[in-house]
Amino acid sequence: MTEPRRAIGLRAVALQTLLVLAVAVLVYGAATNAAQKLAKQGIVAGFGFLSRNAGFDISQRLIPYAAATSTYLDAFLVGLFNTLLAAALGIVLATLIGFAVGIARLSPNLLARGLASAYVEAIRNVPLLLQLLVWYVAVRVALPPAEAPASLGGAAFVSQRGLVLPRPDFSGAAWLVPLAFLAGIVAVGMVRRRARIAAETGRPPVRVWLPGLVLVLLLPGLAWIGLGLAGHPVALHWPARGPYDVEGGLPILPEFAALVMGLSTYTAAFIAEIVRAGLSSVARGQGEAASALGLSRGQALRLVVIPQALRAIVPPLTSQYLNVTKNSSLAVLIGYPDLVHVFMGTVLNQTNQAVEVVAITMAVYLALSLATAFLMNLYNRRVTMVER
Amino acid sequence: MGCVVLLFATPAFAQATLAQVKARGHLVCGVSGGVAGFSIPDSQGQWRGLDVDFCRALAAAIFDDPAKVRFIPQSSAARFTALQSGEIDVLSRNTTWTLSRDTAAMNFPVITFYDGQGFLVRKALNVASVKQLDRATICLQQGTTTELNLADWFRTRGLTYQVVTFANSEQTLGAYESGRCDAYSTDKSSLYGERLKTAHPDEHVILDEAISKEPFAPGVRQGDDPWRDLVAWTHYAMIDAEEAGISQANVEEMRRSALSPDVKRILGLEGKYGEGLGLTTDWAYRIVRHVGNYGDSFERNVGAGTPLKIPRGLNALWNQGGLQYGPPIR
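The rules we used
Residues numbered from 1 in each chain as written. Chains lettered and ligands numbered in written order. Predicted model: local features only at pLDDT ≥ 70, side-chain atom pairs only at ≥ 80, totals over all residues. Heavy atoms only, no water. Helix = DSSP H or I, 4+ residues; strand = E, 2+ residues; numbered from the N terminus. Rg over C-alpha atoms; globule rule 2.2 N^0.38 Å. Contact = heavy atoms within 4.5 Å. Buried < 20%, exposed > 50% of the residue type's maximum accessible area, 1.4 Å probe, protein only. Disulfide = S-S within 2.5 Å. Buried area = accessible area lost by both parts, 1.4 Å probe. Salt bridge = Lys/Arg side-chain N within 4 Å of Asp/Glu carboxyl O. Polar contact = N/O pair within 3.5 Å; in protein donor to acceptor, adjacent residues only side chain to side chain. Pairing = 2+ DSSP bridges. Axes fitted to C-alpha atoms, helices over the stretch in contact; angles between N-to-C directions. UniProt positions renumbered as here; feature names shortened; annotations may be inferred. 1 Å grid on protein atoms, 1.4 Å probe; cavity = no way out; pocket = protein on both sides within 12 Å on 5 of 7 lines; lining within 4 Å. Points joined across faces, edges and corners; volume = space filled by probe spheres on them. pLDDT = per-residue confidence, 0-100.

## Some remarks on the overall build of chain B
The secondary structure content of chain B amounts to 14 helices and 12 strands. Rg of the C-alpha trace for chain B: 21 Å, near the compact-globule value of 20 Å for 330 residues, within the 12% margin. Its C-alpha atoms give chain B principal-axis dimensions of roughly 65 × 60 × 40 Å. Taking the intrachain contacts of chain B between residues at least 6 apart in sequence as the baseline, contacts between residues at least 24 apart amount to 70%.

## Side note on the environment of proline 145 of chain A
Residues and elements named next belong to chain A. Tracing the sequence through the fold places proline 145 in the loop between α4 (128-141) and β1 (150-152). Residue proline 145 is classed as partly exposed on the basis of its relative accessible area, which comes to 36%. Separated by 14 residues in the primary sequence, proline 145 and serine 159 place their C-alpha atoms 5.6 Å from one another. Contact partners of proline 145, with chain neighbours within four places excluded, come to Ser159 and Gln160.

## Considering the state of the cysteines
Residue and element names in this part refer to chain B. Under the defined criterion, the tally for this structure stands at two disulfides over all chains. Paired through a disulfide, cysteine 29 and cysteine 55 show a sulfur-sulfur distance of 1.9 Å. The chirality of the disulfide connecting cysteine 29 with cysteine 55 is right-handed, given an S-S dihedral of about 70 degrees. Remark: cysteine 55 occurs in helix α4 (residues 50-63) and cysteine 29 occurs in strand β1 (residues 27-31); sequence separation between them is 26 residues.

## Here's the deal with the interface of chain B and chain A
The partner chain A presents 42 residues to the 46 residues of chain B that form the contact. Surface buried jointly by chain B and chain A totals about 3,600 Å² across both partners, of which 48% is contributed by carbon and sulfur atoms. Taken together, the links from chain B to chain A amount to three salt bridges. For aspartate 182 of chain B, the salt bridge goes to arginine 161 of chain A, with nearest N and O atoms at 2.9 Å. Between the two partners, chain B and chain A, sit 13 residue pairs in polar contact (both at pLDDT 80 or more).

## Some words on the sheet that holds strand β8 (residues 137-141) of chain B
Residue and element names in this part refer to chain B. Across the sheet, five strands lie side by side as β9-β8-β10-β7-β11; this open sheet has mixed pairing. Strands at the two margins of the open sheet, each flanked by one partner only, are β9 (162-166) and β11 (204-206). The sheet shows a mean angle of 25 degrees between the axes of neighbouring strands, direction not considered. Of the pairings in the sheet, the one linking strand β7 (residues 117-122) to strand β10 (residues 183-187) comprises five bridges and is antiparallel in character. What sits directly across from valine 121, in β10, is alanine 183. Helix α9 (residues 188-197) rests against β7, β10 and β11 of the sheet, and its axis sits at about 130 degrees to β10.

## Notes on the UniProt feature "domain: Solute-binding protein family 3/N-terminal" (unreviewed entry) in chain B
Taken from the UniProt record, the annotation "domain: Solute-binding protein family 3/N-terminal" (unreviewed entry) applies to residues 26-254 of chain B. Its end C-alpha atoms 29 Å apart, residues 26-254 of chain B is made of 35% helix and 20% strand.

## Structural notes on empty space enclosed by the protein
All names here are of chain B. For the coordinates displayed, the defined rule picks out four cavities of 30 Å³ or more. Its boundaries defined by the atoms lining it, the largest cavity holds a volume of some 110 Å³. Elements that contribute at least two residues to the lining of the largest cavity include exactly α4, α10 (225-243) and α14 (294-301). If one sorts the elements of the lining of the largest cavity by residue count, α4 sits on top with four residues.

## Comments concerning the confidence of the model for chain A
With 96% of its residues at a pLDDT of 70 or more, chain A has an overall mean of 90. At the low end of the mean pLDDT range in chain A sits helix α1 (residues 2-40) of chain A, at 82; at the high end sits helix α2 (residues 72-104) of chain A, at 97.

Here is the structure:
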């Protein structure tokens, strides 16, 4: 019996070796062919172009950038940060909306259930591209025109050109405020740790949410007031009407708002279904047992059902998060300067370094996706059932 | 291994472009596909425009048949790759000739249209010059020299602006028209067509000023000099024909009764000038007969008789105040 089996094994190994060789030859052939063609076209391969002056302006910049002095590398970073901002905000909002809608779909309340079902079915079945255009074109045009922006108490303005908020100036001594905010986040982490230890060791439970919220908001608030009392008040740049637009302040571009709204509401519909499936996967008896113990529906969900449901929710949730990052490249269609828009659009066209630019962009999306998946896998390990 | 070699054989560069075009039986021409007056399909699906006519003139010179062209619309991002990869034989797509493009990507044999970057604004804004657009929001199509010109122009004058860029002209115009921007900036030649696409063209005005030089030139691959010559001389033939008074309307009559040696040389009645280009002696006659001279093409596609009404301006002949000058055919 062992003789023929080994023969099959040998044949399989030989076939696979041949296949790998064929693929290698194919890849080598394609690469040398591309290199030859590029050389023939006089295109200088390499990444030297990244240090050349960019010369073009970008509408939204999270890092210092000026057309006159910045390089293509700076332009790349501006695009990358814009992608990260839209994706991160999209993921947070999509998770919040998705969990709310997913839980509502299982609500005993008929109206909540109906609305949640309608939301999921309507949003999930319309292409994201169309939804982005609806947010950017239809919703934006419904806002007041640029000539007559709506003033929100004189402190902020909203129009078809976006929302402009007062901008706090955190330079000088005022950097204490963001520092206090970071300290608040660290403090919340410590409170959470204590709560976990308390839960594991059977000590009286430690509340997390309310003290956490107070810490995160109170610490920077105190810093703000303290600076004012100490004679170094945090400066606020108020928006004001200019000859064409509202100027000064912190502008939230309509392209950004449309992209984040489109991405988060679209992905939320899928997350809602994942959450519903996760909740349904928890045995009915768990919820019933929780209410038999006297827990309210909210408590039963929060303390008993959701922790068990997370095991089923987190893995598919990860792929939705990856989708948000990748789908954010649709920004190019509504004029939001994300990585694809800036780098694969303008930079590629100006430098003609197609192979390098496309390779970098692909590598960035791959890295972002792998990083997201890695973090989610860490989290997944924490929520999986601990066998005792 | 045989199939691998076949897969990576490079027919695009194995032989000269002209031989390849002749063997294929038609020319493959990259156009923009969406610029009125330059290249856009009409209601019958026929390609029309100055850039289209240029490729038809090439086909007429090579095949004596202006229909032997396949037009492939190219986005501004994909156009250079399409040419380099051999997907198209010639890029006739209102492309600005710049040094970096010339050295990095391709060759520009001849300037076919002199343009400059301009601004479309609402009449209600009462803006007469570009300087008044200080602090305004300006919509642009990305990935073109437009972005660079605008940044340079405002910066050197100490003025500021907000930019919003889009991937194609439809999105850019849509954003401008819906009030996202105060002005829409691109080449003036395109703005005439864009204005026609707005709901109320008379509510918008194109500012007189141009902030840049935009010489439009067809593009060919580097390293094929005979093809480059043919593309250049196709344009020169149209210019020389106009200068000599040979038009599509009178070309047959001129050919019968030509007296001047200039006209005879252009129409192939004297000398064998086409052969140097790898064509027949009547190559220029074919161009004028099928497509017309430069003036014919200009008036038919963008001139005063069309909705675009682009003034001849810099594109008039050199002896009529313009810059269009053809070297002699001799």
